[in-house]
Amino acid sequence: MFAWAGTASGDGEDFIAVIDADPTSQHYGELLTSAASGIVTRQVHHTEYWMPDSGHLFANDHQSGDTVIFDLTEPLKPHVRARFHDLSGFSHPHSFLRLPNGHVLASFQFEGAFHHGDPGTEDPAARRGVHGGIVEIDEDGRAIRSASSADSRFAGSPLMAYSLMPLPELDRVLVTNSGMRATDPNGHTYQMFRLSDLKLLSTNAFDPGQGIYEGSYGELNPQEARRGPDGAVYVQTLGCGVERVSDLAKDRPVARLVHQFPGSMCGVPSIVDHYWIQPVQILHAIVVLDLAAAGGP
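*Asks:* I keep staring at the pattern of salt bridges and nothing clicks. Help me out?
*Replies:* When the charged atoms of two side chains with opposite charge come close together, those side chains can pair. By the definition in use, this model includes 15 salt bridges. Among the salt bridges present, the one from Arg142 reaches Asp138, with a minimum N-O distance of 2.8 Å. For Asp138, a relative accessible area of 7% puts it in the buried group. Residue Lys250 is joined to Asp247 by a salt bridge in which the shortest nitrogen-to-oxygen separation is 4.0 Å. Residue classification places Lys250 among the partly exposed positions, given a relative accessible area of 49%. The structure contains a network of salt bridges with shared partners spanning Arg81, Asp138, Asp140 and Arg142.

As C-alpha cells, this is what we get:
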C-alpha cells in the first residue's frame with residue numbers, strides 16, 4: 001500500500017510511504033520504505049484515486065501548487081519520475097483522472113498567476129469571477145492541451161475546477177466547481193466539456209433539492225465525481241449532499257439531489273460495486289448507501 005504523507009514540522013518534505021498490506025506476510029502493517037518528493041510540506045493533498053497500470057502515480061501538494069509523478073513500478077524502490085508546478089497558464093492542480101491514452105486529465109483551480117499562500121487569506125470579494133481549467137498531462141509532466149472553465153454567462157461566479165470525471169464513450173468530461181479556499185465558499189455548479197477537443201458545452205447549477213431536501217444546502221461545494229453502476233455520475237458535496245447527474249450525452253445534463261447526510265464537511269466517497277461508501281463527519285461514521293435500491297439510494 002502506498003500512502004502519500006507530509007510532515008507536521010513545517011520544514012520537512014512530502015513523501016510516499018510503502019506499507020506491507022499482505023495479511024499473510026510476517027511484516028504485515030509495517031513501513032517498508034519511503035521516498036521524498038522534494039516538495040516542502042504545505043498541504044499534502046490528492047494522489048490519483050486508482051493505481052494506474054503504468055505504475056506512475058501523480059501526487060500533489062495543493063497549497064504549494066507542486067505535483068510529482070512517482071515511479072512505483074518497483075514498489076520497494078519508489079522514486080520521483082517528474083515534477084511540475086503551473087501548466088499552460090493554470091495553477092493549483094487538484095484532481096487527476098486517467099484517460100484511455102494513458103495521459104492524465106487534471107483540474108486546476110486558477111487560470112493565470114496566483115499567490116501560493118495561506119488558503120484562508122484571500123478576500124472573496126476581490127476574486128469575483130475567478131476561474132480555473134483542465135489540462136491533459138503526459139507521464140513526464142508535460143501539458144498536451146488545456147481548456148479554461150471561464151463562462152461569460154457566469155462572469156460573476158467563481159468557476160474553480162475541483163474534480164472531474166472523463167466519460168470517453170460519450171466524448172464528455174464532467175467537471176465540478178468548488179473552491180479549496182475562501183474565494184468560493186458557496187460553489188454550486190458543474191460543467192460539461194467535450195473530451196475530443198475540450199470545448200466547454202455548458203455550465204449548470206446543481207439541484208438545491210425539493211421536498212424533504214429543500215433548504216438543506218446539499219448542492220453547495222460540489223467535490224468528488226464518481227461513475228455509478230447505472231451509468232450516471234454521482235457527486236459528493238461538502239454540504240453533505242449526493243447529486244445524481246444523468247443525460248450525460250446531452251450538452252446540458254440533469255442533476256438531482258438524491259440523498260442528504262446530516263451536518264457538513266462530508267468527505268471523499270468511493271463506489272464499490274453498487275455501494276456508495278462515504279465518511280460523514282458529524283456522525284463520526286462511515287455510511288454506506290445502496291445505489292441500486294428502488295426509488296433512489
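That was the structure; now back to the text.
*Asks:* Any chance you could explain the sheet that holds strand S1 (residues 2-5) here in plain terms?
*Replies:* Pairing between the strands of a sheet comes from backbone hydrogen bonds, and it takes one of two forms, parallel or antiparallel. Ordered by their spatial adjacency, three strands build an open sheet running S1-S2-S3, and the pairing between neighbours is antiparallel. The sheet terminates laterally at S1 and strand S3 (31-40), the two strands that pair on one side only. Put simply, the sheet's adjacent strands are angled 20° from each other on average, direction ignored. As paired strands, S1 and strand S2 (residues 13-19) are joined by four bridges and run antiparallel to one another. In the sheet register, Trp4 faces S2, and the bridge partner there is Ile16.

*Asks:* Hey, could you run me through the state of the cysteines in this one?
*Replies:* Think of a disulfide as a covalent bridge from one cysteine sulfur atom to another cysteine sulfur atom. Tallying each qualifying case throughout the model produces one disulfide. Across the disulfide from Cys240 sits Cys266; the S-S distance is 2.0 Å. Around the S-S axis, the bridge from Cys240 to Cys266 shows a dihedral of about 95° and counts as right-handed. Linking Cys240 in the loop between strand S17 (233-237) and strand S18 (241-246) with Cys266 in the loop between strand S19 (254-260) and strand S20 (270-272), this pair joins segments that are 26 residues apart in sequence. For the pair formed by Cys240 and Cys266, the shared burial category is buried.

Each value, and the rule that gives it
- Residues numbered from 1 in each chain as written.
- Predicted model: local features only at pLDDT ≥ 70, side-chain atom pairs only at ≥ 80, totals over all residues.
- Heavy atoms only, no water.
- Salt bridge = Lys/Arg side-chain N within 4 Å of Asp/Glu carboxyl O.
- Buried < 20%, exposed > 50% of the residue type's maximum accessible area, 1.4 Å probe, protein only.
- Pairing = 2+ DSSP bridges.
- Helix = DSSP H or I, 4+ residues; strand = E, 2+ residues; numbered from the N terminus.
- Axes fitted to C-alpha atoms, helices over the stretch in contact; angles between N-to-C directions.
- Disulfide = S-S within 2.5 Å.

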